[in-house]
Amino acid sequence: MFRFPLSVPPSGTGLLEQLKSCIVCSWTYLWTVWFFVMLFLVYILRVPLRINDNLTTVSMFLNTLTPKFYVALTGTSSLISGLILIFEWWYFRKYGTSFIEQVSVSHLRPLLGGVDNSSPSNSSTTNGDSDSSRSVNECKVWRNPLNLFRGAEYNRYTWVTGREPLTYYDMNLSAQDHQTFFTCDTDHMRPADAIMQKAWRERNPQARISAAHEALELNDCATAYILLAEEEATTIVEAEKLFKQALKVGEGDTNVLVYIKRRLAMCARKLGRTREAVKMMRDLMKEFPLLSMFNIHENLLEALLELQAYADVQAVLAKYDDISLPKSATICYTAALLKARAVSDKFSPEAASRRGLSTAEMNAVEAIHRAVEFNPHVPKYLLEMKSLILPPEHILKRGDSEAIAYAFFHLQHWKRVEGALNLLHCTWEGTFRMIPYPLEKGHLFYPYPICTETADRELLPSFHEVSVYPKKELPFFILFTAGLCSFTAMLALLTHQFPELMGVFAKAFLSTLFAPLNFVMEKVESILPSSLWHQLTRI
C-alpha cells in the first residue's frame, strides 16, 4: 500500500487535522473566558439577585446548627471517602490501575476533546512497526522446558496442600500444545488416534485418562501412553515405564518421538541418573538439531550443572548465548553463575570498596547486571526473599513465571558455588541504577515489556503474589482519598470532643479564606462607578 511521506501529509487530511487541533486548543481558552464572564455577571447582578442577603441567610442558618451536625457531616464524609479508598485499593491490587483514572481517561477525556496517547500517530507508525512487533513477541507465552509431570508432581502437591498449582489458562495452553504436537488431519482414519484427538480436547482429567485406556484397547497408541504417563502415573518410575512403551510404538512421528525422548531424559534426571540424562539430551540435540522450540539445551544446562561439569556448561553457553538467538533467564543467569564462580569464594564487599574491583570481579558483576536486567524477578527467589511455588507449564520470558521456573531448578546450583549468592546479594540492585527510568529504553536489552504482569497473573495461581517490575506507584486518587478520609475522621473526632473550640477555629478559617475575595470585591467597587448597573438597565 502506498503511504504519503511523513513530512508531506495529504492536503485534505492535513487541513482537517489542523482544524481539529485548533478547536481542541481553543476549547480550554473558551472555558476560561466563559468562567470569567460568568463571574463578572454574578458580580454585576449581585443586587437584583440579592446575593448578599442570601449569603447572610446561609451564614445565620449555619450558626444555628449544633456541633452534632458537624460531627455527623465530617463522620459521613470520612465514611464515604474510606469506602472509596477501599474500593480503589482493591481495584488497584487486582488490575494494577486506578478505577477513577481509568474512567476519566476512557470516558471523560474524549468528551473534553482529549487525545488518546495510546493510539499511535502517523508520525510514529514507520518507526514503531518494529517496536510493536517486538512487543508482541516479548509478550508471547512459551512452554516451560522443565515443566513437571501432572500426575507424579502437580497432583501430589494438590493432594498434600489442597491447592491447585496450575491455572485454567495454563492448562488450556497445554491442551493446545498437545493438539499441535500429537494430532493431524488423518487421525480420523485410525480409530485409536481419533479417540485421542478427542481426548486432548477434554477438560476433565478423568475423561482424558478413560479415553486413553479406550484407545489402548483398540491398538497400541503412542499418544495414549504419553497421556497416561503425564496424568495418571503417580510416580516418576511409573511415568518412565509408560514413556518407554510409547517409544516402542511411536517411531513414525517426529514430534511424538522428540517429546518422548525428552521426557525420558527428564525422568532419568529426576531419578538420579544424571549422566544418562545428559547423554540422551546430547543425542536428541544431534539427531534433531532444528527442533529448537523444545529448548532442550536448557534441560542439558541444568543436568550439567548438577554434574558440576562447568566446562561443558560453558561450551553449551558459547553456542546458545549468541546475540542473534533469543535469550532466557537460564542462559543469562547460568552465564552469570560461571563468571561469579571464578571470584565468589574470595569476594568481600569491604575489601572491594577499599581496593576496587578486579577485572574478573568486574566481569562477574557485569554478568549479574546483564542477567538482572533481562529478568529482574529472579534474585528475590535465589536469595529466598520470596517463597517459591511449583513452576507453571508455560512461562513468560522476563516475567515472574520464568523467574519461578528458573529458581525452582537452579537455586541448588547457586548454593553449591561458594559465595555466589553473597556476590549476587551485594550487586544485583545496582542494575537498576543503570537502566533509564522511566523504562523508555534498556541498557543491554530492549525495554522491559509492560505486559508481563497481566500474563503472569493468568499463568500463576491466585495464592501466589505476583512480582511486578517496575514497582507501580500508588495512583493519585488512592493517596487523595486516604488523606481525605484521615482528615475528615480527625475533624469528626475533634468536633465531637471540643465543639466550642472547633467552632471558633472554623469561623476563623472561613474568614481567612474569604478575606482575599472580600478585598478584591472592595477594590472592584471602588474602581467601578456606582451607577453602572443603572446604566446597563437603561441599555
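Bear in mind the structure is a predicted one, so any value in this text is a computation, not a measurement. (Residues numbered from 1 in each chain as written. Predicted model: local features only at pLDDT ≥ 70, side-chain atom pairs only at ≥ 80, totals over all residues. Heavy atoms only, no water.)

Q: So what exactly am I meant to see when it comes to the overall build of the chain here?
A: Summing up its helical and strand segments, the chain has 25 helices and 2 strands in all. Buried positions account for 38% of the 539 residues belonging to the chain. A fraction of 70% describes how many contacts in the chain between residues 6 or more apart in sequence connect residues 24 or more apart. With an accessible surface of roughly 32,400 Å², the chain has 62% of that area assigned to carbon and sulfur atoms. (Helix = DSSP H or I, 4+ residues; strand = E, 2+ residues; numbered from the N terminus. Buried < 20%, exposed > 50% of the residue type's maximum accessible area, 1.4 Å probe, protein only. Contact = heavy atoms within 4.5 Å. Areas by Shrake-Rupley, 256 points an atom, 1.4 Å probe, with all protein chains shown as cover.)

Q: What exactly am I supposed to notice about the nonpolar core here?
A: The tendency in soluble globular proteins is for nonpolar side chains to be buried as a group. Core analysis: the largest hydrophobic core is formed by 93 residues, its most contacted members being Met196, Ile226, Phe243, Tyr333, Leu382, Trp414 and Leu424. Here Ile226 is in contact with Phe182, Trp200, Phe243, Ala246, Val256, Tyr259 and Ile260, once residues within four sequence places are set aside. Core analysis: the second largest hydrophobic core is formed by 6 residues, Leu146, Leu148, Leu390 and Phe409 among them. (Core = buried A, V, L, I, M, F, W, Y, C linked by side-chain atoms within 4.5 Å.)

Q: Help me understand the pattern of salt bridges in this model?
A: Charged atoms that come close allow side chains of opposite charge to pair. This structure, assessed with the given rule, holds 15 salt bridges. Two residues, Arg150 and Glu231, come together in a salt bridge whose shortest N-O distance is 3.8 Å. Here Arg150 is found in helix H6 (residues 150-161), whereas its partner Glu231 is found in helix H10 (residues 222-232), with 81 residues between them in sequence. Across the pair, Glu231 and Arg150 agree in class, each one buried. A salt bridge links Glu302 to Arg269; the shortest N-O distance between them is 2.9 Å. Within this pair, whereas Glu302 is found in helix H14 (residues 296-306), its partner Arg269 is found in helix H12 (residues 254-270), the two being separated by 33 residues in sequence. Given a relative accessible area of 4%, Glu302 falls into the buried group. Taking the relative accessible area as the measure of exposure, Arg269 reaches 15% and is therefore buried. A single salt-bridge network, built from bridges that share partners, covers Arg150, Arg208, Glu231 and Glu393. (Salt bridge = Lys/Arg side-chain N within 4 Å of Asp/Glu carboxyl O.)

Q: So what exactly am I meant to see when it comes to helix H7 (residues 168-182) here?
A: Note on helix geometry: an α-helix contains 3.6 residues per turn, so any two residues three or four positions apart are oriented the same way. For H7, built from 15 residues, the straight-helix expectation of 21 Å at 1.5 Å per residue is met to within 8% by its first-to-last C-alpha distance of 21 Å. Within H7 the residues assigned to the buried category are Asp170, Leu173, Ser174, Ala175, Asp177, His178, Phe181 and Phe182. Those residues of H7 hidden inside the fold are in contact with strand S1 (141-143), H6, H10, H12, strand S2 (394-396) and helix H22 (452-459). (Expected span 1.5 Å × (residues − 1).)

Q: Would you explain the UniProt feature "transmembrane region" (unreviewed entry) in the chain in this entry?
A: UniProt records the feature "transmembrane region" (unreviewed entry) at residues 29-49 and 69-92, using the numbering of this structure. Taken end to end, residues 69-92 is 100% helix and 0% strand, and its two terminal C-alpha atoms sit 34 Å from one another. (UniProt positions renumbered as here; feature names shortened; annotations may be inferred.)

Q: Please clarify how the packing of aromatic side chains should be interpreted in this entry.
A: In this description, a pair of aromatic rings is defined by centroid distance and the angle of the planes. Under the definition given, this model contains 6 aromatic pairs. On the basis of an interplanar angle of 85° and a centroid distance of 5.1 Å, the ring pair of Phe182 and Tyr259 is categorised as edge-to-face. With Phe182 in helix H7 and Tyr259 in helix H12, this residue pair connects regions lying 77 residues apart in the sequence. Note on accessibility: Phe182 and Tyr259 belong to one class, buried. Aromatic side chains Phe408 and Phe409 sit 5.0 Å apart centroid to centroid with 75° between the ring planes, which places their arrangement in the edge-to-face category. Classification of Phe408 as partly exposed rests on a relative accessible area of 32%. Here Phe409 falls in the buried class, since its relative accessible area comes to 12%. (Phe/Tyr/Trp six-rings, centres within 6.5 Å; stacked < 30°, edge-to-face > 60°.)

Q: Explain unusual backbone geometry to me, please; I cannot follow it from the model alone.
A: Glycine aside, negative phi is the norm for most residues, and most peptide bonds take the trans geometry. One non-glycine residue, Gln308, adopts positive backbone phi at about 60°. Tracing the backbone shows Gln308 in the loop between H14 and helix H15 (310-320). With phi around 75°, Arg398 is a residue other than glycine that occupies positive phi space. When you line up the elements, Arg398 lands in the loop between S2 and helix H20 (400-416). Looking at Arg398, the relative accessible area reads 1%, which means it is buried.

Q: Can you help me understand the packing of H10 against H12 in this one?
A: Each pair of packed helices can be described by the angle between their axes along with the distance between the axes. Packing of H10 against H12 leaves a shortest axis separation of 11 Å and a crossing angle of 30°. Put simply, H10 runs roughly parallel to H12. Handedness of the H10/H12 crossing: left-handed. Note on element contacts: H12 touches H10 through Val256, Tyr259, Ile260 and Arg263, opposite Ala222, Thr223, Ile226 and Glu230. Along the lines of polarity and charge, the residues of the contact of H10 with H12 split into 5 nonpolar, 1 polar and 2 charged. (Axes fitted to C-alpha atoms, helices over the stretch in contact; angles between N-to-C directions. Parallel < 35°, antiparallel > 145°, perpendicular 65-115°, else oblique. Left-handed = near helix turned anticlockwise from the far one by under 90°. Nonpolar A, V, L, I, M, F, W, Y, C, P; charged D, E, K, R; others polar.)

Q: Teacher, can you tell me more about the environment of Ala352 here?
A: Relative to the assigned elements, Ala352 resides in helix H17 (residues 349-355). Under the relative-accessibility criterion, Ala352 is labelled buried at 11%. Among all residues touching Ala352, those that are not within four sequence positions of it are Phe347 and Leu357.

Q: Looking at this structure, I do not really get empty space enclosed by the protein. What am I missing?
A: Rolling a probe over the atoms, with the probe sized like a water molecule, indicates the empty space that remains. Throughout the structure, instances matching the rule amount to 4 cavities of 30 Å³ or more. Empty space within the largest cavity amounts to approximately 100 Å³. Contributing to the lining of the largest cavity are 16 residues, with Pro145, Glu298, Thr330, Ile395 and Glu402 lying nearest its centre. Of all the elements in the fold, those that place two or more residues in the lining of the largest cavity are S1, helix H16 (329-341) and H20. Of the residues forming the lining of the largest cavity, the biggest block, 4 residues, is contributed by H20. Classifying every residue of the lining of the largest cavity by side-chain character gives 7 nonpolar, 5 polar and 4 charged. (1 Å grid on protein atoms, 1.4 Å probe; cavity = no way out; pocket = protein on both sides within 12 Å on 5 of 7 lines; lining within 4 Å. Points joined across faces, edges and corners; volume = space filled by probe spheres on them.)

Q: Teacher, can you tell me more about the packing of H15 against H16 here?
A: At a minimum axis distance of 11 Å, the contact between H15 and H16 shows a crossing angle of 135°. Comparing their axes, H16 and H15 come out oblique. Of the two elements, H15 crosses H16, and the hand of that crossing is left-handed. Of H16, the residues touching H15 (which contributes Tyr310, Val313, Gln314, Leu317 and Tyr320) are Ile331, Thr334, Ala335, Leu338 and Arg341. Across the contact of H15 with H16, the residue classes break down as 7 nonpolar, 2 polar and 1 charged.

Q: I'm lost on H16 in this one. Help?
A: Given a rise of 1.5 Å per residue, 13 residues ought to cover 18 Å, and the 18 Å separating the end C-alpha atoms of H16 matches this to within 8%. With respect to burial, H16 is a largely interior element, 11 of its 13 residues being buried. Those residues of H16 that sit buried are Ala329, Thr330, Ile331, Cys332, Tyr333, Thr334, Ala335, Ala336, Leu337, Leu338 and Ala340. Residues of H16 that are buried in the fold lie against H14, H15, helix H18 (359-374), helix H19 (378-382), H20 and helix H21 (420-427).

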